[in-house]
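Each chain, letter by letter, is given below.
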Amino acid sequence: IDSLPPETFQFQISPNPMTSDATVNVLLPSADVLTLEVYDEAGRKLMNPISSGLLNKGFQSFHVNLGAIAAGAYYCKIHSRQYYGEALLLKVDGR
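In what follows, the accompanying structure is described. (Residues numbered from 1 in each chain as written. Predicted model: local features only at pLDDT ≥ 70, side-chain atom pairs only at ≥ 80, totals over all residues. Heavy atoms only, no water.)

### Let's talk about the pairing of strand 7 (residues 84-91)
Right, so step 1: As paired elements, strand 6 (residues 72-79) and strand 7 share eight bridges and run antiparallel to each other. Following the sheet pairing, Y75 is matched in strand 7 by L88.
Right, so step 2: Between strand 6 and strand 7, which pair antiparallel and follow one another directly, the connecting turn spans four residues. (Pairing = 2+ DSSP bridges. Helix = DSSP H or I, 4+ residues; strand = E, 2+ residues; numbered from the N terminus.)

### Looking at the pairing of strand 3 (residues 32-39)
Right, so step 1: The buried count for strand 3 comes to seven of eight residues, which makes it a mostly enclosed element.
Right, so step 2: Of the strand pairs in this sheet, strand 3 and strand 6 are connected by five bridges, and their pairing is antiparallel. Looking at strand 6, one finds that T35 is bridged to H79. (Buried < 20%, exposed > 50% of the residue type's maximum accessible area, 1.4 Å probe, protein only.)

### A look at the packing of aromatic side chains
Right, so step 1: With the rule as written, the count across this model stands at two aromatic pairs.
Right, so step 2: An angle of 35° between the planes, with centres 6.5 Å apart, marks the rings of F9 and F11 as tilted. When sorted by exposure, F9 lands in the same class as F11, which is buried.
Right, so step 3: Members of the aromatic cluster, each reached through a chain of ring pairs, are F9, F11 and Y83.
Right, so step 4: Across the ring face of Y39, the terminal group of K77 is positioned such that the distance to the ring centre comes to 4.6 Å. (Phe/Tyr/Trp six-rings, centres within 6.5 Å; stacked < 30°, edge-to-face > 60°. Lys NZ or Arg CZ within 6 Å of the ring centre and 35° of its normal.)

### Let's talk about the pattern of salt bridges
A side chain of one charge can pair with a side chain of the opposite charge if their charged atoms are brought near each other.
Right, so step 1: Following the criterion strictly, the structure yields three salt bridges and no others.
Right, so step 2: One salt bridge connects D32 with R81, and the closest N-O pair in it is separated by 3.1 Å. Highlighted residues: D32 in strand 3 and R81 in the loop between strand 6 and strand 7, separated in sequence by 49 residues.
Right, so step 3: With a shortest N-O distance of 3.4 Å, E37 and K45 are connected by a salt bridge. (Salt bridge = Lys/Arg side-chain N within 4 Å of Asp/Glu carboxyl O.)

### A closer look at the sheet that holds strand 2 (residues 21-28)
Right, so step 1: Within the open sheet, the three strands sit side by side as 1-2-5. Their pairing is antiparallel. With one partner strand each, in any of the chains shown, strand 1 (10-14) and strand 5 (58-65) form the two edges of the open sheet. Taken over all neighbouring pairs, the strand axes of this sheet differ in orientation by 15° on average, direction set aside.
Right, so step 2: Relative to strand 2, strand 1 is paired through five bridges, and the arrangement is antiparallel. (Axes fitted to C-alpha atoms, helices over the stretch in contact; angles between N-to-C directions.)

Below is the structure:
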């Protein structure tokens, strides 16, 4: 994310695959409000771990805990008033 032009919206979830905790890094080209939603393979919204207030332009980082959901494949949708992105997230057992 650090090497992208400042006008590019980008986000990254790491680690992926993950056990319960992850970091969501976002590069915002302008000040905005962000929402992250997690959906199962059937398209059901399971949780909304990020719902921010107004964020400044630039790099933002969020800690999220997805320990309440079972191991599997999930779709993450991150959006604001101006930007939108999706990513596949794999959650594995922490054993």
